[in-house]
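Reading the structure
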Amino acid sequence: MAGIRTVLIIDSNGSDRGIVAGFLEEYYNIIDTGSIKEAYSILSASTGGIVAVILDITKDDSYCEEMLHFIKEREKLSRIPVIITADTESEETEISALSAGASDFLYKPYSPVIVKKRLDNIISLNENASIANDLQKDHLTGVYSEEAFCQKAAKILEENPLAEYAVVYSDIENFGLIKDLFGENAGNNILVYMARVFKHFIGRDELCGRMEADHFVLFLKYDKEALNENLESVVKIINDFPISMNIMLRFGVYKIEDSNMPVHAMTGRALVTVETIRGMYGQYVAYYNNKIWEKQVHEQEIINCMEDALKEKQFMVYFQPKYDIGSERVAGAEALVRWQHPLKGFMNPAEFIPLFEKNGFITELDKYVWDTTCGYIESWIKNGYPVVPISVNVSRTDIYNPGFIEIILGIIRKHNLEPEHIHLEITETAYTDNPKQIIEVVKQLKLIGFVIEMDDFGSGYSSLNMLNELPIDILKLDMGFVQGDMGTNSNNILSFIIGLAKWMDYAVVAEGIETEEQIQMLRNMDCNFVQGYYYAKPMPPDEFEAYMLRHNVLDKIDEIHAGNIEGIKFKKSQGVMLIVDDLALNRKILSKSFSSYFQIVEKENGADALEYVKENYKNIDVIMLDLVMPVMDGFTFMKHLGSDKRYKDIPIIVTSQGGEKSVEKSFELGATDFVEKPYNLRIILHRVQNAVIASRK
């Protein structure tokens, strides 16, 4: 009977079986047999319902040890308690049975009360032990749970005071990306595989446990040379897992110096050691040392005084202006937090921001910054000072807070402001961590009226599809894109990203600008706004107020936006723009840019485009033509058009990679103009405008 606990009674005496079954059947499902052979079959077929066995050995005790061995050696039966019964009391027989693994011993004639009580106690003890054992193991991988690992490691250390041990903390640096690309099941399969690999290298008095997610911890005898060899082998074996992506393992090793230290603290030291090599290519093992210890002490000192620092207003808000790159007027600013510690002095944000993000205090600090920033904006408005939108940072922790929207709106209302007065900066990595939840919150913020900026673009791994789904207004390029000596490839990447942002109707802010060369480059690429030391460093509020009074300020940041090209008046046409390019993304960029001015027709090769031209040439205002395409390339397409006088007045603008020969040959074949990829929206609008106007004269 499913769901009811079953007791198996094995007794060659049918009468005795009946007696026991009679006073137990009210409480248990009873299976009874007088045959040992049949008992083996019943146990072998058991699917987990048998909770106890009552085995009589009155007539023959030779099979007692054999039956106990049979049960204990099979994993699915090993936890079943066995109660031995007999007619005659024998201390020797009882000791022998208990030594062989029996749970209890009863003598006939049976007392119903005693049998019931003994059986209930044995089953209860066994079930509690099973629960305790389950709690010790991680259900997915079968290795020890965190608590069981720590308890067992402490016991081994206590029993082996002279032995040297180490705690090794391991995780997969790119595990989130693996799950995103290959799915949750693939991630779980990797973890199970990792556990098997780790257990292969575990010896006597050594342990393997799983802390959470992809984090494993090992307790090993310390031999540095052997440990390095084994970890190298582990990395190779785990990367044999059948997945088309490198699994980036990292190990932090803490050699145990003080065996009295709590094991939790030891694993903590191994964990912080892992963090020191995160993101370092080719380095997968790090050992705990004094520098790491000093860093831990420093971080703990920061944590100890962070709440008092907030109460005492040791945190200060600085402002760094943003400039419109075309007019070079101040178009906004970013609020940046600084910490003036009474003893440590001016502290770099890199010292405390990552720490606050880990321990959750970032939410309290962010609220302080929002409130302080809004207070300054309110004051500037009252004093009649120039006011521009101020960007404030929003951490992923803030967005996960169910009350976040009410908190930020409450601060806005407190200072009599509107959402448009502040922009909310959210890092790209926040979107990639939990895109669905964050996107929903950001959609609500946009409906309320906030302007949303994606900060540090390029630091995460946003796909183009995901970027298209994000409800943002402004893309803020990571400074790594625009610092240093920009080569041709870097220029192309930067230009492509800016062009892509414009196609998606995002404005673009480039931060970290330090040179005139960078300004000219970004201006040519049609970037909207810039921020950096070239114009102004972050400054305290009083300096920022004076700075704003001395400089020209845009009335609204919306005066120049991604889709509004100042100075270009382009009349809408009823005609067709034929876009010929084998890459869908290139076609979509052009289509998005010109859909307000023309009817758009897209073709992915010259052959299809030629057929369209033959039937619709009278309606075509302009052709945007790529050169390199399958089936029929751009040069061949132009040769066909050039051979027929009906098409001679259709302007053709070649949009392709540069090169003197390509440009020269394009013009020889009748191209009206040549625009080099990646596109600059402002330039291509002018070129198309000029070509269409000229063809109509």
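Remember, predicted model here, so these are calculated numbers, not experimental data.

When helices and strands are counted, the protein shows 26 helices and 24 strands. Of the roughly 34700 Å² of accessible surface on the protein, a fraction of 49% belongs to carbon and sulfur atoms.

Attention shifts here to the packing of helix H7 (residues 175-182) against helix H8 (residues 184-200). Put simply, H7 and H8 touch, their axes get as near as 6 Å, and they point 135° apart. It follows from the interaxial angle that H7 and H8 lie oblique. Here H7 contributes Phe175, Ile178, Lys179 and Phe182 to the contact with H8, which in turn contributes Glu184, Ala186, Gly187, Ile190 and Leu191. For the contact of H7 with H8, the class distribution of residues is 6 nonpolar, 1 polar and 2 charged.

Turning our eyes to something else, we now look at the nonpolar core. One finds Phe315, Phe352, Phe356 and Leu522 to be the most contacted residues of the largest nonpolar core, which totals 82 residues. No other element matches helix H13 (residues 362-382), which puts 8 residues into this core. The contact partners of Phe352, leaving out residues within four places of it in the chain, are Ile302, Phe315, Val337, Arg338, Trp339, Met347 and Leu365. Listed in part, the 30 residues of the second largest apolar core include Val143, Val168, Phe216 and Leu227.

Our next topic: the pattern of salt bridges. When the charged atoms of two side chains with opposite charge come close together, those side chains can pair. Enumeration according to the criterion identifies 31 salt bridges in this entry. Lys255 is the partner of Glu257 in a salt bridge, and the nearest nitrogen-oxygen pair spans 3.8 Å. Because the salt bridges share partners, they merge into one network encompassing Lys322, Glu334, Glu425, Glu453, Lys476 and Glu511.

With parallel pairing, the 5 strands of this open sheet are ordered in space as E2-E1-E3-E4-E5. Two strands close off the open sheet at either side, each with one partner strand: strand E2 (29-33) and strand E5 (104-107). Averaged over all neighbouring strand pairs, the angle between strand axes comes to 20°, with direction disregarded. Taken together, the 5 bridges between strand E1 (residues 6-10) and E2 define a ladder with parallel strand orientation. Bridge pairing in E2 links Ile9 to Asp32. Each of E1, E2 and strand E3 (50-56) touches helix H1 (residues 14-24); the most contacted strand, E2, lies at about 175° to it.

To continue, consider the pairing of strand E22 (residues 620-625). Remark: a regular strand shows side chains that alternate across the two faces of the sheet. Most of E22 is tucked away: 6 of the 6 residues are buried. Alignment of strand E20 (residues 576-580) against E22, held across 5 bridges, turns out to be parallel. Looking at the pairing, Ile579 lines up with Met624 of E22. Handedness of the crossover joining E22 and strand E23 (residues 652-656) through helix H24 (residues 634-642): right-handed.

Here the focus is the confidence of the model for the protein. Scored by pLDDT, the protein has a mean of 85; 89% of the residues are at 70 or more. The element-level mean pLDDT for the protein is lowest in helix H18 (residues 464-469), coming to 61, with strand E8 (residues 215-221) highest at 96. Low pLDDT, under 50, characterises residues 482-486; the predicted model gives this stretch 14 contacts beyond four residues in sequence or across chains. Below a pLDDT of 50 lies the segment residues 556-568, which in the model reaches 30 contacts outside its immediate sequence neighbourhood of four places, other chains included.

Counting through the fold element by element, Gly360 comes out in the loop between helix H12 (349-359) and H13. Residue Gly360 is classed as partly exposed on the basis of its relative accessible area of 30%. Taking the C-alpha atoms as reference points, Gly360 and Ser395, 35 residues apart in sequence, are found 9.9 Å from one another.

This part covers the sheet that holds E8. A sheet is described by the order of its strands in space; here 5 strands give the open sequence E7-E8-E6-E9-E10, paired in mixed fashion. The open sheet has two edge strands with one neighbour each: strand E7 (207-212) and strand E10 (285-287). In this sheet, adjacent strand axes meet at a mean angle of 20° when their direction is disregarded. Sheet topology places strand E6 (residues 165-172) next to strand E9 (residues 249-255); 7 bridges connect them, and they run antiparallel. Looking at the pairing, Ala166 lines up with Lys255 of E9. Docked against the sheet, helix H9 (residues 224-238) engages E6, E8, E9 and E10, running at close to 160° with respect to E9.

The next subject is the side chain of His215. By secondary structure assignment, the location of His215 is in strand E8. The class of His215 is buried, set by a relative accessible area of 14%. A polar contact is formed between the side chain of His215 and the side chain of Tyr169, at a distance of 3.3 Å. Filtering out sequence-adjacent residues up to four positions away, His215 remains in contact with Tyr169, Ser170, Asp171, Gly209 and Arg210.

Attention now moves to unusual backbone geometry. Along the chain, Lys108 connects to Pro109 via a cis peptide bond; the corresponding omega equals -5°. The topology assignment puts Pro109 in the loop between E5 and helix H5 (112-136). Phi at Asp205 takes a positive value of approximately 60°, unusual for a residue other than glycine. Along the chain, Asp205 turns up in the loop between H8 and E7. According to the relative accessible area criterion, Asp205 is partly exposed, its value standing at 31%. One non-glycine residue, Glu328, lies in the positive phi region at around 55°. In this fold, Glu328 is placed in the loop between strand E11 (315-324) and strand E12 (330-341). By relative accessible area, Glu328 is classed as partly exposed at 38%.

The geometry of helix H11 (residues 290-311) relative to H12 is characterised by a closest axis approach of 11 Å and an angle of 70° between their N-to-C directions. The orientation of H11 with respect to H12, classified from their angle, is roughly perpendicular. Contacts from His298, Glu299, Ile302, Ile303 and Met306 of H11 reach H12 at Glu351, Phe352, Leu355, Phe356 and Asn359.

For the rest of this paragraph, the subject is the packing of aromatic side chains. Taken as a whole, this structure holds 25 aromatic pairs when the rule is applied. Measuring from ring centre to ring centre gives 5.4 Å for Tyr193 and Phe241, while their planes differ by 50°; the resulting arrangement is tilted. You can see Tyr193 sitting in helix H8 and its partner Phe241 sitting in the loop between H9 and E9, a full 48 residues away along the chain. Look at Phe241 and you get buried, because its relative accessible area is 14%.

Parameters and conventions
Residues numbered from 1 in each chain as written. Predicted model: local features only at pLDDT ≥ 70, side-chain atom pairs only at ≥ 80, totals over all residues. Heavy atoms only, no water. Helix = DSSP H or I, 4+ residues; strand = E, 2+ residues; numbered from the N terminus. Areas by Shrake-Rupley, 256 points an atom, 1.4 Å probe, with all protein chains shown as cover. Axes fitted to C-alpha atoms, helices over the stretch in contact; angles between N-to-C directions. Parallel < 35°, antiparallel > 145°, perpendicular 65-115°, else oblique. Contact = heavy atoms within 4.5 Å. Nonpolar A, V, L, I, M, F, W, Y, C, P; charged D, E, K, R; others polar. Core = buried A, V, L, I, M, F, W, Y, C linked by side-chain atoms within 4.5 Å. Buried < 20%, exposed > 50% of the residue type's maximum accessible area, 1.4 Å probe, protein only. Salt bridge = Lys/Arg side-chain N within 4 Å of Asp/Glu carboxyl O. Pairing = 2+ DSSP bridges. Right-handed = clockwise from strand over helix to strand, strands pointing away. pLDDT = per-residue confidence, 0-100. Polar contact = N/O pair within 3.5 Å; in protein donor to acceptor, adjacent residues only side chain to side chain. Phe/Tyr/Trp six-rings, centres within 6.5 Å; stacked < 30°, edge-to-face > 60°.

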